[in-house]
Amino acid sequence: MPGIYQPYSKKFNVTLCLLLLMALCLASCAVHTPVPTDTLLQDLKTRSSAALSAHVNEFNAYKDRPSSDGPFNASNNIAFLKANIPLFISSDDQINKVYNYRWWMISKHLKEYDDPYDQKKYWVVTEFFGVKPWASLSGAITCPAGHQFYDVRWLRDPKYLQSYADYFMQGSPSKLNQRENGNFLTYLSRPESHHFSSWMIDGIDAYLKVHPNKQWMHNLLPHMERHQQVWDSLFTVKKPGSATNGMYKILDLYDGMEFSLSAVLGLIASKGAYSLYTPENWKNYYLGWGTTDRAAASLQARAYPMAYRKGYPDFYLVRPSVNSYAYANLRALANLWRLDTAAAPEIRNRKAESYAAKATALQVKVMDVLWNKQDQFFNTRSAGDNRFGIRDYEARVRESVGYTPWYFNMIPANSPERFGRAWDMFASANGFQHHAGMTTAERQHPYYNEQAYAWNGRGWPFQNSVVYKAYANYLRNYKKEITAADKELLYAYISKLAVMHGSDQLNIGEWYIPSNGTEFGGEKDYFHSTFPDIIIEDLIGFRAAHASNFSIQPLLPESKWDYFYLGNIRYHGRNIDIAWKKDWNPELPGNQSGLLVWVDGKLAAQSKMLNRRLHVSLR
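Rules used throughout
- Residues numbered from 1 in each chain as written.
- Predicted model: local features only at pLDDT ≥ 70, side-chain atom pairs only at ≥ 80, totals over all residues.
- Heavy atoms only, no water.
- Helix = DSSP H or I, 4+ residues; strand = E, 2+ residues; numbered from the N terminus.
- Rg over C-alpha atoms; globule rule 2.2 N^0.38 Å.
- Buried < 20%, exposed > 50% of the residue type's maximum accessible area, 1.4 Å probe, protein only.
- Contact = heavy atoms within 4.5 Å.
- Areas by Shrake-Rupley, 256 points an atom, 1.4 Å probe, with all protein chains shown as cover.
- Lys, Arg positive; Asp, Glu negative; His and termini not counted.
- Charge placed at Lys NZ, Arg CZ, Asp CG, Glu CD.
- Pairing = 2+ DSSP bridges.
- Expected span 1.5 Å × (residues − 1).
- Polar contact = N/O pair within 3.5 Å; in protein donor to acceptor, adjacent residues only side chain to side chain.
- Phe/Tyr/Trp six-rings, centres within 6.5 Å; stacked < 30°, edge-to-face > 60°.
- Lys NZ or Arg CZ within 6 Å of the ring centre and 35° of its normal.
- Axes fitted to C-alpha atoms, helices over the stretch in contact; angles between N-to-C directions.
- 1 Å grid on protein atoms, 1.4 Å probe; cavity = no way out; pocket = protein on both sides within 12 Å on 5 of 7 lines; lining within 4 Å.
- Points joined across faces, edges and corners; volume = space filled by probe spheres on them.
- Nonpolar A, V, L, I, M, F, W, Y, C, P; charged D, E, K, R; others polar.
- Salt bridge = Lys/Arg side-chain N within 4 Å of Asp/Glu carboxyl O.

## Quick look at the overall build of the protein chain
Summing up its helical and strand segments, the protein chain has 18 helices and 17 strands in all. The C-alpha atoms of the protein chain give a radius of gyration of 27 Å, which matches the 25 Å a tight globule of 619 residues would have. A principal-axis box enclosing the C-alpha atoms of the protein chain has dimensions of 120 × 60 × 55 Å. Residues counted as buried form 60% of the 619 residues belonging to the protein chain. Nonlocal contacts in the protein chain, meaning residues at least 24 apart in sequence, comprise 68% of its contacts between residues at least 6 apart. In the structure as shown, the protein chain presents an accessible area of about 23,900 Å², 53% of it carried by carbon and sulfur atoms. For the protein chain, the separation between the mean place of its 68 positive charges and that of its 57 negative charges on side chains is 3 Å.

Rendered as structure tokens:
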């Protein structure tokens with residue numbers, strides 16, 4: 001018997017060993033087998049480029065659309081976009097198409113302008129098509145410029161945004177006053193570059209993180225300083241002893257957010273010139289453009305002519321928005337002076353320290369004056385030096401502008417939890433969440449109104465762009481733990497915004513109805529907000545830096561996309577490609593998921609986890 005079974009036993013043992021070795025090999029391969037990166041990377045590039053071409057051909061065939069403001073049109077825009085934009089493709093066809101549509105729309109707003117005042121040629125970026133009365137003479141408008149800087153910085157060719165910055169910082173808009181006409185609804189003269197609030201200096205800082213240019217930065221710094229000095233001189237409260245003294249003020253109209261509820265509440269609380277406004281009748285006088293005609297005909301407007309301009313009240317507000325913009329500009333000046341190695345060290349250090357101190361002082365004021373502990377929100381106050389109307393009045397209404405401090409990481413790093421409760425309203429049906437998108441005022445407020453052409457409920461893509469970046473910054477930079485629900489909330493909002501672009505003929509307009517909107521209203525192909533930057537920086541998490549590195553930390557829920565590719569990015573003079581796939585090789589057992597980053601075609605970093613932060617050095 002032993003003679004019979006012994007050979008079989010040896011054969012069985014050998015077979016078992018071979019099986020064990022194969023299993024170990026397969027397990028090892030599942031973890032360590034290198035992805036055939038060259039083939040897969042080229043495939044992703046080819047597919048994303050083909051999708052872009054197909055989409056742009058479709059967009060070019062749209063009827064009843066504004067023609068291009070500049071040289072890029074149906075005859076050449078495919079070639080321009082392929083050569084310049086970060087290519088993108090994912091398993092979400094809706095977002096893919098909207099992403100490419102937004103770049104197509106942006107290309108129509110790149111305009112060459114021969115400035116007769118300094119005999120120079122500039123590239124500018126328009127918002128509406130044509131030259132509007134409230135625009136600069138080139139047609140460019142300061143109101144959306146911050147958003148435009150954040151999108152356009154991702155073009156591979158840096159000349160467009162660099163020229164645009166030159167135009168507003170040292171070209172004719174920095175010298176010519178905004179022309180007064182039927183659309184000039186203030187008595188305060190100011191340069192074209194300051195007609196609306198903006199965060200252009202911060203935008204230049206963001207641009208330089210993608211396309212460093214120290215000599216250009218050095219030459220532009222004095223002009224950026226003068227730009228900020230205009231804000232300091234014309235738009236700060238000058239009333240010693242006032243709660244808002246030294247803070248930044250603006251009419252809500254020139255913050256790009258006319259007819260806000262914070263203005264309504266302040267006007268109702270006012271006497272004298274603004275006794276016109278009461279809880280019962282304010283809608284007759286401050287709820288859209290037709291109502292200001294009634295205000296202009298009122299007894300109060302006749303008795304106090306300087307309190308109104310064509311029926312629009314001269315009532316300045318200290319808002320979280322404009323103060324966050326100023327903080328960002330001051331902080332950017334501090335950052336850029338630190339980088340300016342062409343300046344003498346003593347000048348560089350003195351300037352950087354001065355602007356950093358100003359930014360910190362403003363940060364402290366915003367946290368102390370605009371934060372309401374009971375409301376757990378940043379509220380708006382009326383300016384302490386208003387000539388007419390109540391001063392230092394706190395409007396107890398939550399508006400989406402209260403999230404702006406997070407857009408610029410203005411919240412002190414040592415007290416993140418003190419302010420985090422504000423985001424409860426972002427996820428609440430009593431707050432800003434609605435079926436079709438985000439509202440601009442809390443839904444539970446009795447004056448909430450989404451039907452009027454106003455910022456007291458109706459949705460505006462401008463604010464989507466601010467709040468989504470603010471929320472992404474809150475999650476990455478302040479929240480102790482990012483939960484699956486946090487990521488789902490961000491993705492749900494971005495998806496709603498994408499869906500609002502439509503399915504037949506895509507469009508981005510001025511506004512939407514958050515309760516049941518199916519499309520945007522107002523102007524078509526309107527460059528007043530971001531979308532490429534929402535995908536690149538906020539969702540996928542490409543975080544640019546002045547140093548020779550960057551990081552990737554997607555906030556994409558793992559259950560949403562099977563894959564994505566973001567590539568053709570020109571960053572610090574290098575070519576960057578990023579890809580995620582749930583299973584790079586289905587033929588192998590085990591988890592083949594991976595987030596991969598290539599620099600100049602070579603695999604530079606990878607992670608099996610989608611949401612882990614990857615740091616990539618370019619050195």
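## Points about the sheet that holds strand β12 (residues 549–552)
The pairing of strands in a sheet comes from backbone hydrogen bonds and takes either a parallel or an antiparallel form. On the basis of which strands lie adjacent, the open sheet formed by three strands has the order β11-β12-β17 and antiparallel pairing. Strands at the two margins of the open sheet, each flanked by one partner only, are β11 (542–543) and β17 (614–617). Note that β12 and β17 share four bridges and pair antiparallel. Considered in β17, the bridge of Ile552 is made with Leu614.

## So, the pairing of strand β3 (residues 120–125)
Taken together, the six bridges between strand β2 (residues 110–115) and β3 define a ladder with antiparallel strand orientation. Looking at the pairing, Leu110 lines up with Val125 of β3.

## Some thoughts on the environment of Gln451
Mapping Gln451 onto the fold places it in the loop between α15 (416–419) and α16 (461–477). A relative accessible area of 54% places Gln451 in the exposed class. Between the C-alpha atoms of Gln451 and Pro514, which are 63 residues apart in sequence, the distance is 9.6 Å. Setting aside residues up to four positions removed in sequence, Gln451 forms contacts with Arg458 and Ile513.

## Some remarks on helix α4 (residues 93–108)
Its 16 residues give α4 an end-to-end C-alpha distance of 23 Å, which sits within 8% of 22 Å, the value for a rise of 1.5 Å per residue. In this structure Asp92 caps α4, since a side-chain oxygen of it lies 3.1 Å from the backbone nitrogen of Gln94.

## What about the packing of aromatic side chains?
Throughout the structure, instances matching the rule amount to 72 aromatic pairs. With a centroid separation of 6.1 Å and an interplanar angle of 80°, the aromatic rings of Trp199 and Phe462 are classed as edge-to-face. Linking Trp199 in the loop between α6 (159–170) and α7 (200–210) with Phe462 in helix α16, this pair joins segments that are 263 residues apart in sequence. Note on Trp423 and Tyr471: the rings are 5.1 Å apart at their centroids and 50° apart in plane angle, and the pair reads as tilted. Of the two residues, Trp423 sits in the loop between α15 and α16 while Tyr471 sits in helix α16, which places them 48 residues apart along the sequence. In this structure, Arg309 is placed above the aromatic ring of Tyr187, and the distance from its NZ or CZ to the ring centre is 4.8 Å. The ring of Tyr493 has Lys496 sitting right over it, with the charged end atom 5.8 Å from the ring centre.

## Quick notes on the sheet that holds strand β14 (residues 574–581)
Spatial ordering of the open sheet is given by β1-β13-β14-β15-β16, a layout of five strands whose pairing is antiparallel. Edge positions in the open sheet fall to β1 (87–90) and β16 (602–607), since each of these has one partner strand only. Strand-to-strand twist of the sheet, defined as the mean angle between neighbouring strand axes without regard to direction, takes the value 15°. Summarising the sheet, β14 and strand β15 (residues 594–599) pair through six bridges and their orientation is antiparallel. Note that in β15 the partner of Asp577 across the bridge is Trp598.

## Thoughts on the pairing of β12
Of the pairings in the sheet, the one linking β11 to β12 comprises two bridges and is antiparallel in character. In the strand pairing of β12, Arg543 is matched with Ser551.

## Focus: the layout of surface pockets
Of the voids in this model, the largest pocket is the one considered here, and its volume is about 470 Å³. Together, 24 residues line the largest pocket, and Trp134, Phe196, Leu253, Glu258 and Trp289 are the ones closest to its centre. Grouping the amino acids of the lining of the largest pocket by side-chain chemistry returns 13 nonpolar, six polar and five charged. The space that makes up the second largest pocket amounts to roughly 400 Å³.

## Concerning the pattern of salt bridges
Taken as a whole and judged by the stated rule, the model has 23 salt bridges. The partner of Asp577 in a salt bridge is Lys45, and the shortest N-O contact between them spans 3.1 Å. One end of the pair, Asp577, is in strand β14; the other, Lys45, is in helix α2 (residues 37–60), and 532 residues separate them in sequence. With its nearest N and O atoms 3.4 Å apart, the salt bridge here joins Glu488 to Lys560. Here Glu488, found in helix α17 (residues 484–500), pairs with Lys560, found in the loop between β12 and β13 (563–571); they are 72 residues apart in sequence, far enough to count as distant. The exposure class assigned to Glu488 is partly exposed, which follows from its relative accessible area of 30%. Since its relative accessible area comes to 37%, Lys560 is described here as partly exposed.

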